[in-house]
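# Fold and geometry: a report
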Amino acid sequence: MKSAIVVFPGTNRERDMAIALKRVTGKAPTMLWHRDTDLPDVDLVVLPGGFSYGDYLRCGAMAAHSPIMAAIRAFAQKGGHILGVCNGFQILTETGMLPGALLRNANLRFLSQDCHLRVERNDTPFTHKWAKDAVFRTPLAHGDGNYTADSQTLEKLEGEGLVAFRYANAKGDVQADDAETNPNGSINSIAGILSENTRICGMMPHPEDLVDPLMGGEDGLPLFEGLVEAFVR
Amino acid sequence: MKKTVDLALAREFGLTSEEYDRVLKIMGRTPSLTELGVFSVMWSEHCSYKSSRKWLRTLPTTAPWVIHGPGENAGVVDIGEGYAAIFKMESHNHPSFIEPYQGAATGVGGILRDVFTMGARPVANLNALRFGSPDTPRTRQIIDGVVRGIGGYGNCVGVPTVGGEINFHPAYDGNPLVNAMTVGIARKDRIFLSAAAGVGNPVVYVGSRTGRDGIHGATMSSAEFDENALAKRPTVQVGDPFIEKLLIEACLELMATDAIVAIQDMGAAGLTSSSVEMAGKGGVGIELDLDAVPQREPGMTAYEMMLSESQERMLIVLRPDRTEIARKIFEKWELDFAVIGHLTDTGHIVVKHKGQVEADIPLDPLAEEAPIYDRPAATPQAPAPLEAVHAPLSLDAMLLKLVGSPDLASRAWVWNQYDSTVGGQTVRRPGAADAAIVKIEDTTLGLALTTDCTPRYCQADPKSGGAQAVAEAWRNITATGARPLAVTDNLNFGNPEKPEIMGQFVAAIEGMGEACRALDFPVVSGNVSLYNETRQPDGSTMAILPTPAIGALGVFEDVSKAVGLGMASESALVLIGETKGELGQSIWLREILGREEGPPPQVDLVAEKRNGDFVRNEILNGTVTACHDIADGGILVAAAEMVMASGIGCELESPDSGIRPEAFWFGEDQARYLVCVKDADGFCQKAEKAGVPARLIGRSGGNELILPNGVTISAARLTVAHEAFFPALMAS
């Protein structure tokens, strides 16, 4: 799998993502600068976490207008695979490449803790290493991760099975009105969603920070292993 | 601003009449307003260390692994494989009382710059916080602002906040302490220093623009607070972590080239201290043209620009043939870049603005004739011995009360607002081990990091308390398996013009020095914060508890050998160290009996080293699989913390020690650890051979803590008691 990571001014989890990708591919991903206008020949583009443009205006709003985003849109239109994590997810919603929006966490504080995610479908390149309804642990770290969408969009996401991950407890129970299991207050406990063609995935938590037993576990690794298997070349 | 420069104005700027006389003598004329401003900030307590320097010199600062000790922007130690760790702790106390969010945020920003200015990528932040009584609304407001400020800055710049400590005491009601520590990593042959060199070389300003914020911040930090403290809000700086992140990346990119001759951040006293110190250290002169300084607002005077403490700015001396390379890097990161002057051979700092010379000061006398005081110090009185005390409650009731008390309750509510995993190198997150542990990317090396101080011990006996702070930091690093290397100190005290405060300061340094020497644990950087006092409405002043906070760093050759404090399954729990049952100044005495009395526990540095070296060896050879130092709350609280950390229970044995149970279980005797091992007999024999007291005290298993009085408390129940305090406090 050939992959690239986009760095915006204020991006700060590009190194974490590079470690995770290198772990599964054996080679360092290409780092792209937000002012670049062309993408190299890659299978996967990752928009990593951080505070692009300091989260000024709205999280992801200014990065969505960076020069490189035109190339990323074109990549998506050609059926390219894109993973947006945390700020990357926010950027994807700001560009309209994924629906909905990420609001301030329900408790109005930055949250940095482990959470559990339930895998809602396992027939996508991002999720196929897990069983359906599998539960895995992953860190999250954000101030604005409270997913929301209008009722029509939500109906479509749920109706077409475009929810990839939901916040859950360790047993896999989902309870949207419980701050313990749905820490940021996301609607329907949505933690990650897919585009209609399931080739774009946005999620708030950070599986890239749990890919090494030394750092507390490898629970996030299946996401990356699954991507590699999907792009054997 | 048309102000007449005279003694009255000098006093307003914080200079004494004797100091102003010195200024007149050095200048041979009445100084300009800008010149007076430069003298007053350079000679402020904050920048000149005029009350503390004599005593700081007595601290040990060298060891074979120390690359740069005090005097640079931060301390530098060799951690092996060609890498150096660069670290320092610094206070931002006064601003954090006045404007908690920005005060704490800019404290983090400032210490980050001290570290990356030397060429290091920051890899970890810690913070040592002291707040007033939790019962007051103002304390809650300060906690809320400080925690948001630390998180708001650290999370955005992408440096994990991995550890620290929090204490509460009414002595901090009007003067909280915010001590921020940053640790960075550099190749040891790529370290950047601040001494300017090369007459004619350009002096370059990079980063944020200069505004009118923080003018005279360094002077404010060198005075007591009166009832009008909150009116000083305009002297607090405003931080922008996004710009700081860009500045880190741009500086590190520039540092990969050979363009830099010298570099220093603009911290306290901004452009003044950075230019004066860089030129002074290099033995050259410097000429600045303020018209070239990037400015945020129009109409700023030379005085305002020289004294502004606007954040996220650096001053760099470049090789002249590399100026364009440097400019391109800063343009890429969309940061201001301006050549604002050059080095000269005059030995003077000359400041020009709008065609006028606004300041022309000889640098040597500015530094060398800076006042230095040998202030009278009263020897602290030895505390009276503690009379016999008796437990009013059952062991289990006292334990549950203690684990939920302000100083011992879970800090998860705070930690969970700090990004502790960004960077992907956090081996142990806050609360998982006695020190935070981060890996050095692409190596097997790891760092163990902690901050420690027990102010109530320092209040009762400053010398012993100073030694204890160093010893506890050393012990916390040891308890993870790391080899302790060096410390940074952040000395927070009251008004040094009072002999009893100066006496505390002198005694604490004496104790710290003894411990640092005995443990081979030199001081490589630090900061002094004096005048931490608040004037009360009745005219009296209240000083904080003496708080010499110690930030410390240890190293692992192989970080996979690190252990945490969570109780291990199916193990023997062994107590290391001698127990006499010292209850003086203990948390038990304060929380259960409401008394702050007696001498603090004795510090025996020989026992400390012997016990610690033994424990560390047994961790590294794999015998000890979990380890927790015994500190506040004694053995029983330590055991409960181990149970809560892993959810694995433990059955404790009744001690046959001849000591009253409350003294045995809650005494705070030093140099002790609880360790998990498989073979208790073999381990205790080995300890005996090494001259280390060791005894079996319990066995792990199940999910309950079984007390020697037969009462069982589930891990879950302990956790509920432990975690209730902060959320309840902050919701009220």
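Remember, predicted model here, so these are calculated numbers, not experimental data.

Right, let's talk about the interface of chain B and chain A for a bit. Listed as interface residues are 35 residues of chain B and, on the opposing side, 28 residues of chain A. Taking both sides of the interface into account, the surface hidden between chain B and chain A amounts to around 2700 Å²; carbon and sulfur atoms contribute 51%. Three residues stand out in chain B for area buried against chain A, namely F242, N416 and R429 of chain B, and they jointly supply 20% of the buried area on that side. Our enumeration of links across chain B and chain A arrives at five salt bridges. Among the ionic pairs, R35 of chain A bridges to E334 of chain B, the shortest N-O distance being 2.9 Å. Here chain B and chain A share 15 residue pairs in polar contact (both at pLDDT 80 or more) between them. Those elements that provide at least two residues to the side of chain B that touches chain A are α8 (137–157), α10 (241–255), α13 (323–332), α16 (412–415) and β14 (426–428) of chain B. For the side of chain B that touches chain A, the element with the most residues is α8 of chain B, which contributes five residues. Class assignment for the residues of the side of chain B that touches chain A results in twelve nonpolar, eleven polar and twelve charged.

Residue and element names in this part refer to chain B. For Y49, which is not a glycine, the phi torsion comes out positive at approximately 50°. Although it is not a glycine, A269 adopts a positive phi angle of roughly 60°. Examined against the element boundaries, A269 turns out to sit in the loop between β8 (260–265) and α11 (270–282).

Let us now look at the packing of aromatic side chains. The full count for this structure, using the stated rule, is 18 aromatic pairs over all chains. With a centroid separation of 5.7 Å and an interplanar angle of 20°, the aromatic rings of F13 of chain B and Y303 of chain B are classed as stacked. Of this pair, F13 of chain B sits in the loop between α1 (7–12) and α2 (17–27) while Y303 of chain B sits in helix α12 (residues 302–307), and the two are 290 residues apart along the sequence. On the accessibility criterion, F13 of chain B (5% relative accessible area) is buried. For Y303 of chain B, a relative accessible area of 6% translates into the label buried. The rings of F131, F168, W413, F725 and F726 of chain B are connected pair by pair, giving a single aromatic cluster. Directly above the aromatic system of W33 of chain A lies the positively charged group of K332 of chain B, at a separation of 4.9 Å from the ring centroid.

Looking now at the packing of α8 of chain B against α10 of chain B. Residues and elements named next belong to chain B. Viewed as axis vectors pointing N to C, α8 and α10 meet at an angle of 35°, and their least axial separation amounts to 8 Å. Note that α8 runs across α10; the crossing there is right-handed. Residues G152, Y153, C156 and V157 of α8 lie in contact with α10, whose contacting residues are P241, F242, E244 and K245.

All right, on to the nonpolar core then. Burial of nonpolar side chains together is a common tendency in soluble globular proteins. Of all hydrophobic cores here, the largest spans 93 residues; its most connected members are L83 and F165 of chain A together with F330 of chain B. Considering each element in turn, this core owes the most residues, ten residues, to α10 of chain B. What L83 of chain A contacts, discounting residues up to four positions off in sequence, is M17, L44, V45, V46, L47, F126, C201, L223 and F224 of chain A.

This brings us to the pairing of strand β1 (residues 3–7) of chain A. Residue and element names in this part refer to chain A. Of all five residues making up β1, five are buried, and the element is well covered by its neighbours. Both faces of β1 are covered, namely the face carrying S3, I5 and V7 and the face carrying A4 and V6. The pairing of β1 with strand β3 (residues 44–47) spans three bridges and is classified as parallel. For S3, the partnering residue across the bridge sits in β3 and is L44.

Residues and elements named next belong to chain A. When the UniProt feature table is mapped to this numbering, "active site" (unreviewed entry) covers C86, H206 and E208. Across 123 residues of sequence, these annotated residues stay compact in space, with a maximum C-alpha separation of 11.1 Å. Non-local contacts of H206, meaning those with residues more than four positions away in its chain, are made with R13, G49, V85, C86, T138, P139, L140 and A141. A polar contact is formed between the side chain of H206 and the side chain of E208, at a distance of 2.7 Å. Here E208 is in contact with R13, D16, M17, A20, V85 and F224, once residues within four sequence places are set aside.

Residue and element names in this part refer to chain B. The UniProt feature table records "binding site: substrate" (unreviewed entry) at S91, H92, N93, H94, R113, Q237, E309, S310, Q311 and S529. Inspection of the secondary structure assignment puts N93 in helix α6 (residues 93–98). Judged by relative accessible area, which is 1%, N93 ranks as buried. One polar contact links the side chain of N93 to the main-chain amide nitrogen of V178, over a distance of 2.8 Å. Looking at the secondary structure, you find Q311 in the loop between α12 and β10 (313–318). Residue classification places Q311 among the buried residues on the basis of a relative accessible area of 5%. Apart from residues lying up to four places away in sequence, Q311 is in contact with T106, R113, S208, Q237, V238 and G239.

Calculation rules
Residues numbered from 1 in each chain as written. Chains lettered and ligands numbered in written order. Predicted model: local features only at pLDDT ≥ 70, side-chain atom pairs only at ≥ 80, totals over all residues. Heavy atoms only, no water. Contact = heavy atoms within 4.5 Å. Buried area = accessible area lost by both parts, 1.4 Å probe. Salt bridge = Lys/Arg side-chain N within 4 Å of Asp/Glu carboxyl O. Polar contact = N/O pair within 3.5 Å; in protein donor to acceptor, adjacent residues only side chain to side chain. Helix = DSSP H or I, 4+ residues; strand = E, 2+ residues; numbered from the N terminus. Nonpolar A, V, L, I, M, F, W, Y, C, P; charged D, E, K, R; others polar. Phe/Tyr/Trp six-rings, centres within 6.5 Å; stacked < 30°, edge-to-face > 60°. Buried < 20%, exposed > 50% of the residue type's maximum accessible area, 1.4 Å probe, protein only. Lys NZ or Arg CZ within 6 Å of the ring centre and 35° of its normal. Axes fitted to C-alpha atoms, helices over the stretch in contact; angles between N-to-C directions. Left-handed = near helix turned anticlockwise from the far one by under 90°. Core = buried A, V, L, I, M, F, W, Y, C linked by side-chain atoms within 4.5 Å. Pairing = 2+ DSSP bridges. UniProt positions renumbered as here; feature names shortened; annotations may be inferred.

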